[in-house]
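What follows is the residue order along each chain.
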Amino acid sequence: MNAMRLRRLHRLPMIGGIAAGALVVLAATPAFAHVSVQPGQAEQGSYSTIAFKVPNEKDNASTVKLEVTLPADHPLASVMAQPVPGWDVKLTKTKLAKPVEVHGEKISEAVTKVTWTGGKIEPGTFQQFPLSVGELPEDADQLVFKALQTYDDKEVVRWIEAPKEGAPEPENPAPVLKLVKPAEGSDGHGGSSASGDTDSAAEKAKAEKTEKTEQTASDSSGDSSDTTARVLGIVGIVIGIAGVAFGVLAGRRRNA
């Protein structure tokens, strides 16, 4: 009896260790997938195409609506939605308290909300909703988009909590687009600068012109050589025929 108690006492630390390990695994397990923005970053001052990735987290309901609120502190003058098969999209504009200037033109209203309805995201699947946005602010390091995900069982999940640096991820984090400084030579449209393109095109045209000149010279040289060879060949044939004729005539004269 005492031996059995001793064995049980020896097992307690092992059981405690297993339980602690399980708690660590649970703590390390990532949170359920949430609405996010893809890609996660873009260049400041650029026009970019982003997409809101919406996974269905429920096993017994489908997502039937997505509402995304654009940041009011950094209004985007240009917002265009890419059609998503099976879904209707609505862009809601709001008058700005302070007009913004884009390419020398003052914008007094901007899109502040985008709503997708009419489609369905089944359990175990996800859908992406693309937007073309710009001009992205140059004085911010991120944009926070608040999203509402509605299921056909009437449940609404509010992805609206802005993450804070150094703090754990909130329970319902909002999609965040990180903004980075433009790469050297970038023109804000995801490509190289116009001057770089011009120089490259000029160098390419120059190379093509040089290649054509060399090819023409080579062709001319080849044609000249062919012509000379043909002329010499014809002259040789004529001389040969003349020699044969002369020989025949000489033979006849001797016979006569």
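Since we're looking at a predicted model, the values are computed, not measured. (Residues numbered from 1 in each chain as written. Predicted model: local features only at pLDDT ≥ 70, side-chain atom pairs only at ≥ 80, totals over all residues. Heavy atoms only, no water.)

1. Looking at the sheet that holds strand β9 (residues 142-144)
With respect to topology, three strands assemble into an open sheet ordered β2-β12-β9, the strand pairing being mixed. Every other strand in the sheet has two partners, leaving β2 (41-43) and β9 as the edge strands with one partner each. Across the sheet, the mean angle from the axis of one strand to that of its neighbour is 25°, orientation sign disregarded. (Pairing = 2+ DSSP bridges. Helix = DSSP H or I, 4+ residues; strand = E, 2+ residues; numbered from the N terminus. Axes fitted to C-alpha atoms, helices over the stretch in contact; angles between N-to-C directions.)

2. Here's the deal with the layout of surface pockets
Of the pockets and cavities examined, the largest pocket occupies roughly 230 Å³. Pro-75, Val-100, Glu-101, Glu-135 and Pro-137 are the residues nearest the centre of the largest pocket, which is lined by 14 residues in total. Along the lines of polarity and charge, the residues of the lining of the largest pocket split into seven nonpolar, two polar and five charged. (1 Å grid on protein atoms, 1.4 Å probe; cavity = no way out; pocket = protein on both sides within 12 Å on 5 of 7 lines; lining within 4 Å. Points joined across faces, edges and corners; volume = space filled by probe spheres on them. Nonpolar A, V, L, I, M, F, W, Y, C, P; charged D, E, K, R; others polar.)

3. Some words on the sheet that holds strand β7 (residues 105-121)
Spatial ordering of the open sheet is given by β6-β7-β4-β10-β11, a layout of five strands whose pairing is antiparallel. The open sheet is flanked by β6 (88-102) and β11 (156-159), the only strands paired with a single partner. Along the sheet, successive strands turn relative to each other by an average axial angle of 15°, direction set aside. Relative to β11, strand β10 (residues 146-151) is paired through four bridges, and the arrangement is antiparallel. Its bridge partner being in β11, Thr-150 is matched across the sheet by Val-156.

4. Concerning the packing of aromatic side chains
Given two aromatic rings, one states the distance between the centres and the angle between the planes to describe the pair. With the rule as written, the count across this model stands at three aromatic pairs. Between Phe-52 and Phe-145 the ring centres are 5.4 Å apart and the planes differ by 80°, which places this aromatic pair in the edge-to-face class. Taken together, the positions of Phe-52 in strand β3 (residues 48-55) and Phe-145 in the loop between β9 and β10 put the pair 93 residues apart, joining distant regions of the chain. For Phe-52, a relative accessible area of 0% corresponds to the buried category. We classify Phe-145 as buried; its relative accessible area is 1%. Here the aromatic rings of Trp-87 and Phe-129 are separated by 5.1 Å at their centres, their planes lie at 85°, and the arrangement is edge-to-face. Of this pair, Trp-87 sits in the loop between β5 (78-81) and β6 while Phe-129 sits in strand β8 (residues 126-134), and the two are 42 residues apart along the sequence. (Phe/Tyr/Trp six-rings, centres within 6.5 Å; stacked < 30°, edge-to-face > 60°. Buried < 20%, exposed > 50% of the residue type's maximum accessible area, 1.4 Å probe, protein only.)

5. Some words on unusual backbone geometry
What is expected of a backbone is that most residues other than glycine have negative phi and most peptide bonds are trans. That bond from Gln-38 to Pro-39 is cis: its omega, -10°, falls within 30 degrees of zero. Positionally, Pro-39 belongs in the loop between β1 (36-38) and β2. Residues Gly-134 and Glu-135 are joined by a peptide bond in cis, for which omega reads -15°. Locating Glu-135 in the fold gives a position in the loop between β8 and β9. Its identity as a non-glycine residue notwithstanding, Lys-154 has a phi of 80°, on the positive side. Structurally, the position occupied by Lys-154 is in the loop between β10 and β11. A relative accessible area of 73% places Lys-154 in the exposed class.

6. Topic: the pairing of β6
The pairing of β6 with β7 spans eleven bridges and is classified as antiparallel. Within β7, the position partnered with Lys-95 by the bridge is Glu-109. Between β6 and β7, which pair antiparallel one after the other, the connecting turn spans two residues, and His-103 there sits at a positive phi close to 50°.

7. Let's talk about the environment of Pro-39
Of the residues examined, Pro-39 reaches a relative accessible area of 45% and is grouped as partly exposed. Residues contacting Pro-39, with those up to four places away along its chain left out, are Thr-49, Ile-50 and Leu-177. (Contact = heavy atoms within 4.5 Å.)

8. Description of the confidence of the model for the chain
One rule of thumb: low pLDDT means the predicted coordinates there are not for detailed reading. On average, residues of the chain carry a pLDDT of 77, and 61% of them reach 70 or more. When the criterion is pLDDT under 50, residues 15-31 qualifies, and its contacts beyond four places in sequence or with other chains add up to one contact. Overall, residues 190-202 carries pLDDT values under 50, and its contacts beyond four positions in sequence, including any with other chains, amount to seven contacts. (pLDDT = per-residue confidence, 0-100.)

9. Thoughts on the pattern of salt bridges
Between side chains of opposite charge, a pair can form when the charged atoms approach closely. Under the criterion given, the structure shown has four salt bridges. Among the salt bridges present, the one from Lys-58 reaches Glu-155, with a minimum N-O distance of 2.5 Å. Residue Lys-58 is found in the loop between β3 and β4 (63-69), and its partner Glu-155 is found in the loop between β10 and β11; the two are separated by 97 residues along the sequence. With a relative accessible area of 16%, Lys-58 lands in the buried category. Here Glu-67 makes a salt bridge to Lys-65, at a shortest N to O gap of 3.6 Å. On the basis of relative accessibility, which here comes to 16%, the residue Glu-67 falls in the buried class. A residue is classified by how much of its surface remains accessible, and Lys-65, at 28% relative accessible area, is partly exposed. Salt bridges sharing common partners tie together Lys-58, Asp-153 and Glu-155. (Salt bridge = Lys/Arg side-chain N within 4 Å of Asp/Glu carboxyl O.)

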